[in-house]
There are 2 protein chains.
Amino acid sequence: MLRRDFIRTSAALAAAAALPGCGQIGMGDYSGDLTMDWRPYTGQLKYSFTIATYSRTFTPLVLVRLRWRDFVGYGEASMPQYLGESTDSVTAFLGRVSSEVLPRFKDPFLMDDILSEVDALAERNTAAKAAVDIALHDLVGKILARPWWQIWGYDATKTPCTSYTIGYDESDDVVNEKIEEASWTKVVKVKLGMGEEKDKRMINLIRAKLDTVICVDANQGWKSKEEALDMIYWLSERNVSFIEQPMAKEKIDDAAWITERSPLPVIADEACQRMTDIPRLAGAYDGINIKLMKCTGMREAHKMADMASGLGMEVMLGCMTETSVAVSAAAQLSPAAKWADLDGNILLSNDCFSGMRLTDGKITLNSLPGIGVEPVKPFEEL
Amino acid sequence: MLRRDFIRTSAALAAAAALPGCGQIGMGDYSGDLTMDWRPYTGQLKYSFTIATYSRTFTPLVLVRLRWRDFVGYGEASMPQYLGESTDSVTAFLGRVSSEVLPRFKDPFLMDDILSEVDALAERNTAAKAAVDIALHDLVGKILARPWWQIWGYDATKTPCTSYTIGYDESDDVVNEKIEEASWTKVVKVKLGMGEEKDKRMINLIRAKLDTVICVDANQGWKSKEEALDMIYWLSERNVSFIEQPMAKEKIDDAAWITERSPLPVIADEACQRMTDIPRLAGAYDGINIKLMKCTGMREAHKMADMASGLGMEVMLGCMTETSVAVSAAAQLSPAAKWADLDGNILLSNDCFSGMRLTDGKITLNSLPGIGVEPVKPFEEL
């Protein structure tokens, strides 16, 4: 900047800093208390949800609000049973963040330090950590007055279509009803791994009505690598785009054996929780499924996407059943993903935020700052 | 944000957007021509610079100015002989960026797309690419009205001390003069790899006058792994912190052999140019030296730091002899680095920008937006 431009800009910044709520705060003046509150929320599923290992009709969530000066950031934890977290464990963890971490920071821009300290509070609690991370990103994005897809330098038009999950059901009528409801989507996702007969029945029911591409999540359900490879070959003749987690997450050698022979890309889901998992998966899978609730949130997810790309792996973005808060947070990263399964909010009958939308199945990012969400009514009344 | 807060913030943003030069631009309204010009600049070295393979008294540089609306971003290419770039090759490349890439973008926030297209113009030209990348970061940071260390979420106080290089000279008097001049530094860097006798002479000359920690850059100069390990053991008894690039960059197996046995950390420099080099170095070196001129700039450097950390490797930041533009750009990332060798600007007698400063050798980041630099006189007169 020429000196005269710099002086002009500085004057404008000082003027802007005087505006309440304006992102432009005087340089270096970022002091204020960070306060957080939260509300448990029961996400009601439109349909009961069955995968290889269990079935449920609702999902426990915790919504988080982080405040600093006039700014408010929203976050969310989703606690599917298999993650090992509950409303009690999440609220207990958030209480510790609130009393042990936040009082020591006055500047929300210190994201690296804040989130490192949150991470260090406990070994697991990844969903609770993600709730804090998402709220902090929303807050900082609002202070910067920019959405995170833009701060990260992505083109918001380069988003993938999300897949929409057709859950397993014993009743053909229920499955057919779900298939009807999925007619809008460009990509159907189906959870297999319940044995050859049940798996093929689901695919055949879908293929009888839809010719859209299918992605398959085996959820560690297939028992042997030979069984998995047989199923993958069968699936590869039915317009399937990729296979998630064919076998148990520990069986990395089997995954490598399958990936080497598979006609379809093989993606790690349960095997890939956090960034440190990626290096050893690089030879064994073609890509990774990044989910905020597994990896502690947006900061690590962003690093994981970069790392996977650097290792020549494909990036997929996934979610839990969760509101538009966590789904919109994940969607900020979606221009960096080849595939996305961000249907968590539309699987709920009681989503309580607006945010990322779908346009004919394609993820459509808005230009609102932070993660681009707004509650449908005041937070206290959710 | 509560709806009433959101409305209030939106109004403030709209008001701020009306201010000329203010970072707050109406959401989604980022359209404007990106124009770039550049000036060759000869960096004069305070001392002639000798490493294992050659000697020189000046360094060719190209300074870049990128403009968009009222904003100006500065960048720089430094072309040490061994990188294979020259003033001609850099200006030719910048001409192509200016005519082939920039006219297709109106929004500087599309950093991922812009820099991917710049990278795709040619296989090498990493210094020219870095000049564009640095200028774009400076520009976008100024639009965001934030320095990059803050956008990246780092604590600006957690910077390392930079090392200061004491170059080789045949004359003891000249070396002693350089040692005198280095008395302020907390970390001395010395370039070895010229044979046992010359190497030990340099260390002994330094140790006769200074007891500060020394880091050693062998610049691929040691001929066999056994010779390298012998020298490393000798050095480890003389308060040396780490060894850079003990042997030729291609000899990864030898590097692994040395690293396994070395009492000091072994860092890859020439062996690590870009992000894609890192995975195969993970078992062979303890860390990597990231330099903007090798890796195409700040965007990839930031990803490399994250990737190295994720792989359990140490991060070092290095530079060429270059002005405060490129050094301050690298310094934005320094809170993520364990070691830094960012002395390029103080090796010049004609630095033409202000920027990052040193406080008793410690990197001291300012709060100016972008990369925090200002030319000492108008760009046209540099």
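Residues numbered from 1 in each chain as written. Chains lettered and ligands numbered in written order. Predicted model: local features only at pLDDT ≥ 70, side-chain atom pairs only at ≥ 80, totals over all residues.

S.K.: I'd like to hear about the overall build of chain A, residue by residue, with values.
M.R.: When its secondary structure is counted, chain A shows 13 helices and 15 strands. The C-alpha radius of gyration computed for chain A amounts to 22 Å, which stays within 12% of the reference 21 Å derived for 382 residues, consistent with globular compactness. Seen along its three principal axes, the alpha-carbon backbone of chain A occupies a region of about 70 × 45 × 40 Å. In chain A, once contacts between residues fewer than 6 apart in sequence are set aside, the share between residues at least 24 apart is 68%. (Helix = DSSP H or I, 4+ residues; strand = E, 2+ residues; numbered from the N terminus. Rg over C-alpha atoms; globule rule 2.2 N^0.38 Å. Contact = placed C-beta atoms within 7 Å.)

S.K.: For the domain arrangement of chain A, give the residues involved together with the corresponding values.
M.R.: All names here are of chain A. If you check the domain split of chain A, you get domain 1 (35-145) and domain 2 (150-381). On the domain 2 side, the residues contacting the 37 residues of domain 1 number 36 residues. At the level of secondary structure, the elements contributing two or more residues to the side of domain 1 that touches domain 2 comprise strand E1 (35-50), strand E2 (55-68), strand E3 (71-78), helix H3 (111-120) and helix H4 (126-144). Top element by residues in the side of domain 1 that touches domain 2 is H4. It accounts for twelve residues. Residues that form the side of domain 1 that touches domain 2 fall into these classes: 19 nonpolar, ten polar and eight charged. (Domains from an automatic or database assignment. Nonpolar A, V, L, I, M, F, W, Y, C, P; charged D, E, K, R; others polar.)

S.K.: Residues and numbers for helix H13 (residues 324-331) of chain B, please.
M.R.: Across the eight residues that make up H13(B), a large majority, eight, are buried. For H13(B), the full list of buried residues reads B:Ser324, B:Val325, B:Ala326, B:Val327, B:Ser328, B:Ala329, B:Ala330 and B:Ala331. (Buried ≥ 20, exposed ≤ 12 C-beta atoms within 10 Å, placed from the backbone.)

S.K.: Got a sec to walk through the sheet that holds strand E9 (residues 287-291) of chain A? Specific residues and values, please.
M.R.: Residues and elements named next belong to chain A. With parallel pairing, eight strands are arranged side by side in an open sheet as E4-E5-E6-E7-E8-E9-E10-E11. With partners counted over all chains shown, the strands left at the sheet margins are strand E4 (163-166) and strand E11 (339-340), one partner each. Pairing geometry for strand E8 (residues 266-268) and E9, over two bridges, is parallel. Residue pairing in the sheet places Ala268 in a bridge with Ile288 of E9. (Pairing = 2+ DSSP bridges.)

S.K.: Any details on unusual backbone geometry? Residues and values, ideally.
M.R.: Even without being a glycine, A:Gln245 presents a positive backbone phi close to 40°. Among the secondary structure elements, A:Gln245 is positioned in the loop between strand E7 (240-244) and helix H9 (252-261). Residue classification places A:Gln245 among the buried positions, given that 25 C-beta atoms sit within 10 Å. Non-glycine residue B:Gln220 carries a positive phi angle of around 65°. Looking at where B:Gln220 falls in the secondary structure, it is placed in the loop between strand E6 (213-217) and helix H8 (225-236). Assessed through the 21 C-beta atoms surrounding it within 10 Å, B:Gln220 is described here as buried.

S.K.: I'd like a rundown of the packing of helix H6 (residues 172-181) of chain A against helix H7 (residues 196-207) of chain A, residues and numbers included.
M.R.: Residue and element names in this part refer to chain A. Interhelical geometry of H6 versus H7 gives an angle of 50° and a closest axis separation of 10 Å. It follows from the interaxial angle that H6 and H7 lie oblique. For the crossing formed where H6 meets H7, the hand is right-handed. Contacts between H6 and H7 involve Asp172, Val175, Asn176 and Ile179 from the first element and Met202, Leu205 and Ile206 from the second. (Axes fitted to C-alpha atoms, helices over the stretch in contact; angles between N-to-C directions. Parallel < 35°, antiparallel > 145°, perpendicular 65-115°, else oblique. Left-handed = near helix turned anticlockwise from the far one by under 90°.)

S.K.: Any chance you could break down the sheet that holds E6(B) for me, citing the residues and the numbers?
M.R.: All names here are of chain B. Strand order in the open sheet formed by eight strands is E4-E5-E6-E7-E8-E9-E10-E11, and the pairing between neighbours is parallel. Looking at which strands have only one partner, the edges of the open sheet turn out to be strand E4 (163-166) and strand E11 (339-340). Alignment of strand E7 (residues 240-244) against strand E8 (residues 266-268), held across two bridges, turns out to be parallel. Looking across to E8, one finds that Ile243 is bridged to Val266. Packing against the sheet, helix H7 (residues 196-207) makes contact with E4, strand E5 (187-191) and E6, and its axis sits at approximately 160° to E5.

S.K.: Any chance you could break down helix H12 (residues 298-310) of chain A for me, citing the residues and the numbers?
M.R.: Residue and element names in this part refer to chain A. A rise of 1.5 Å per residue sets the reference length of H12, with its 13 residues, at 18 Å; its end C-alpha atoms lie 18 Å apart and thus fit the reference within 8%. Judged by how many residues are buried, H12 sits mostly within the fold: twelve of 13 residues are covered. All buried positions along H12 are accounted for by Met298, Arg299, Glu300, Ala301, His302, Lys303, Met304, Ala305, Asp306, Met307, Ala308 and Gly310. Once H12 ends, the next one or two residues include Gly312, with phi positive near 75°. (Expected span 1.5 Å × (residues − 1).)

S.K.: So what's going on with the environment of A:Val213? Residues and values would help.
M.R.: With respect to the helices and strands, A:Val213 occurs in strand E6 (residues 213-217). Considering only alpha carbons, one finds A:Val213 and A:Ser241, 28 residues apart in sequence, at a separation of 6.5 Å.

S.K.: Please set out the environment of A:Glu226 residue by residue, giving values where relevant.
M.R.: For A:Glu226, the position within the fold is in helix H8 (residues 225-236). C-alpha separation for the pair A:Glu226 and A:Pro265, spaced 39 residues apart in sequence, amounts to 16 Å.

S.K.: Quick one: what's the story with the environment of A:Thr276, residue by residue and with numbers?
M.R.: All names here are of chain A. Mapped onto the secondary structure, Thr276 falls in the loop between E8 and helix H10 (278-281). Note on Thr276: 15 C-beta atoms within 10 Å, which makes it partly exposed. For Thr276 and Cys295, which are 19 residues apart along the polypeptide, the C-alpha to C-alpha distance reads 9.9 Å.

S.K.: Can you break down the confidence of the model for chain A residue by residue, with the values?
M.R.: All names here are of chain A. Here chain A averages 91 in pLDDT, while 91% of its residues score no lower than 70. Considering only residues more than four positions removed or in separate chains, one finds that residues 1-27, a stretch of pLDDT under 50, has 60 contacts. For this predicted complex, the interface confidence comes out at an ipTM of 0.89, alongside a pTM of 0.90. (pLDDT = per-residue confidence, 0-100.)

S.K.: Tell me about the pairing of E4(A), and please be specific about residues and values.
M.R.: Residues and elements named next belong to chain A. Burial along E4 is two-sided: the face carrying Ser163 and Thr165 and the face carrying Tyr164 and Ile166 are both buried. Sheet analysis places E4 next to strand E5 (residues 187-191), joined by four bridges and oriented parallel. From the neighbouring strand, Ser163 faces E5, where its bridge partner is Val187. Viewed along the sheet, the connection from E4 through H6 into E5 turns out right-handed. (Right-handed = clockwise from strand over helix to strand, strands pointing away.)

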